[in-house]
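Topology and contacts: notes
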Amino acid sequence: MRLILVGPPGAGKGTQAPKIKEKYGIAHLATGDMLRSQVARQTELGKEAKKIMDQGNLVSDEIVVGMIKDELLNNPECKNGFILDGFPRTVVQAEKLDALLAEMKLELNTVVELQVDDELLVRRITGRLVHPASGRSYHVEFNPPKVPMTDDVTGEPLVQRSDDNADALRKRLVNYHEQTAPVVDYYKGKNKWSPIAAAQAPEKVWEQIEAALKKVE
Ligand code: AP5
Ligand code: ZN
């Protein structure tokens, strides 16, 4: 199974991806998580990316395409397939991905679009808590950890992402509508589109994703 998971900030990409990963035994490649790992390790790339991410803007196509290419070519977990979470986010990234997959003689099964109206996203984003090392996310109200501020799996502390504030979120939403919505149209045109009504409880969203993926297995 090879799929793209696309949707605005807070749509639930990071919440649903681990379920898909577990069901199909495939890799979960999230460019946002990869960039945050560079920021945490204070690499040169991380220092540069942090400024851009904290403003809610997009990191250059060149950097993210390079990261994904490296994973697809070298990560053994990708052998069975992969979920691309947060990539491609521009039409240029989508075209570069197509070229790479063609070279590798691989085809995408589908593009799962998580559809949620902007108004709902503000609450989801401002209440989110994350476990930095794994990328697992929780919500103070909608998906609380068993122990407050603590990751269920490792017992390590949870934090708020530095781009989860009202200003950065506004910019992320504008960028989504301007730059990423055309990516959805791009794949609709290629007949690879599975829309999901994602303004529902996580279990309801998962049921729809499972059904949509069954059709394209
Ligand atoms: P990225 O990390 O990809 O952030 P994003 O796209 O803004 O998406 P989020 O991670 O905020 O949302 P999500 O859909 O994963 O939501 P989640 O499941 O956590 O990118 C961050 C930055 O990195 C970008 O702004 C950019 O600077 C850079 N970047 C990354 N990729 C790039 C690329 N390809 N090109 C250029 N730059 C790139 O859920 C959110 C909250 O809601 C959680 O608290 C969760 O518990 C809760 N929740 C989830 N589902 C539900 C539900 N059904 N009901 C109620 N609550 C729910
Ligand atoms: Zn995410």
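Remember, it's a predicted structure, so these values are computed and weren't measured experimentally. (Residues numbered from 1 in each chain as written. Chains lettered and ligands numbered in written order. Predicted model: local features only at pLDDT ≥ 70, side-chain atom pairs only at ≥ 80, totals over all residues. Heavy atoms only, no water.)

Residues in contact with ligand 1 amount to 35 residues; listed here are only the nearest, Thr15, Asn57, Arg89, Tyr138 and Gln200. In the model, a nitrogen atom of ligand 1 is placed 2.9 Å from a nitrogen or oxygen of the Gly86 main chain. One nitrogen or oxygen atom from the side chain of Arg161 is found 2.9 Å from an oxygen atom belonging to ligand 1. Secondary-structure elements contributing two or more residues to the shell around ligand 1 are helix H1 (13–24), helix H2 (31–40), helix H6 (118–126) and strand E6 (137–139). The element contributing the most residues to the shell around ligand 1 is H2, with four residues. Here the shell around ligand 1 is composed, by residue class, of 14 nonpolar, 13 polar and eight charged. (Near = heavy atom within 4 Å. Polar contact = N/O pair within 3.5 Å; in protein donor to acceptor, adjacent residues only side chain to side chain. Helix = DSSP H or I, 4+ residues; strand = E, 2+ residues; numbered from the N terminus. Nonpolar A, V, L, I, M, F, W, Y, C, P; charged D, E, K, R; others polar.)

Before going further, it helps to spend a moment on the UniProt feature "domain: Adenylate kinase active site lid" (unreviewed entry) in the chain. Those residues carrying the UniProt feature "domain: Adenylate kinase active site lid" (unreviewed entry) are residues 128–163 in this numbering. End C-alpha atoms of residues 128–163 are separated by 11 Å, and the span's content is 0% helix alongside 17% strand. (UniProt positions renumbered as here; feature names shortened; annotations may be inferred.)

Moving on, we come to the pattern of salt bridges. A full pass over the atoms with the stated rule returns 17 salt bridges. Taking the shortest distance from any N to any O, the salt bridge between Glu77 and Lys21 comes out at 3.1 Å. Of this pair, Glu77 sits in the loop between helix H4 (61–74) and strand E3 (82–85) while Lys21 sits in helix H1, placing them 56 residues apart in sequence. Owing to a relative accessible area of 30%, Lys21 belongs among the partly exposed residues under this scheme. With its nearest N and O atoms 3.8 Å apart, the salt bridge here joins Arg172 to Asp163. Here Asp163 falls in the buried class, since its relative accessible area comes to 8%. Here the residues in one salt-bridge network are Arg128, Arg161, Asp163, Asp164 and Arg172, joined through shared partners. (Salt bridge = Lys/Arg side-chain N within 4 Å of Asp/Glu carboxyl O. Buried < 20%, exposed > 50% of the residue type's maximum accessible area, 1.4 Å probe, protein only.)

Here we take up the nonpolar core. Counting residues in hydrophobic clusters, the biggest one holds 29 residues, and the most contacted among them are Ile4, Leu29, Leu72, Phe82, Leu84, Leu97 and Tyr187. When near neighbours in sequence (up to four residues on either side) are disregarded, Leu97 contacts Ile4, Leu72, Leu84, Phe87, Pro88 and Tyr187. Ile125, Leu173, Ile209 and Ala212 belong to the second-largest nonpolar core, a separate cluster that totals 23 residues. (Core = buried A, V, L, I, M, F, W, Y, C linked by side-chain atoms within 4.5 Å. Contact = heavy atoms within 4.5 Å.)

Another aspect to go through is helix H5 (residues 91–103). With 13 residues, H5 should cover 18 Å at 1.5 Å per step; its first-to-last C-alpha distance of 19 Å lies within 8% of that length. In this structure, the buried residues of H5 make contact with strand E1 (2–6), H4, E3 and helix H7 (166–188). (Expected span 1.5 Å × (residues − 1).)

Right, let's talk about the packing of aromatic side chains for a bit. Per the counting criterion, the structure on display carries one aromatic pair. Seen in terms of ring centroids, Tyr186 and Tyr187 are 5.0 Å apart; in terms of plane orientation they differ by 90 degrees. Their pairing is edge-to-face. Here the guanidinium or amino end of Lys188 rests over the ring plane of Trp193, the centre of that ring lying 4.4 Å away. (Phe/Tyr/Trp six-rings, centres within 6.5 Å; stacked < 30°, edge-to-face > 60°. Lys NZ or Arg CZ within 6 Å of the ring centre and 35° of its normal.)

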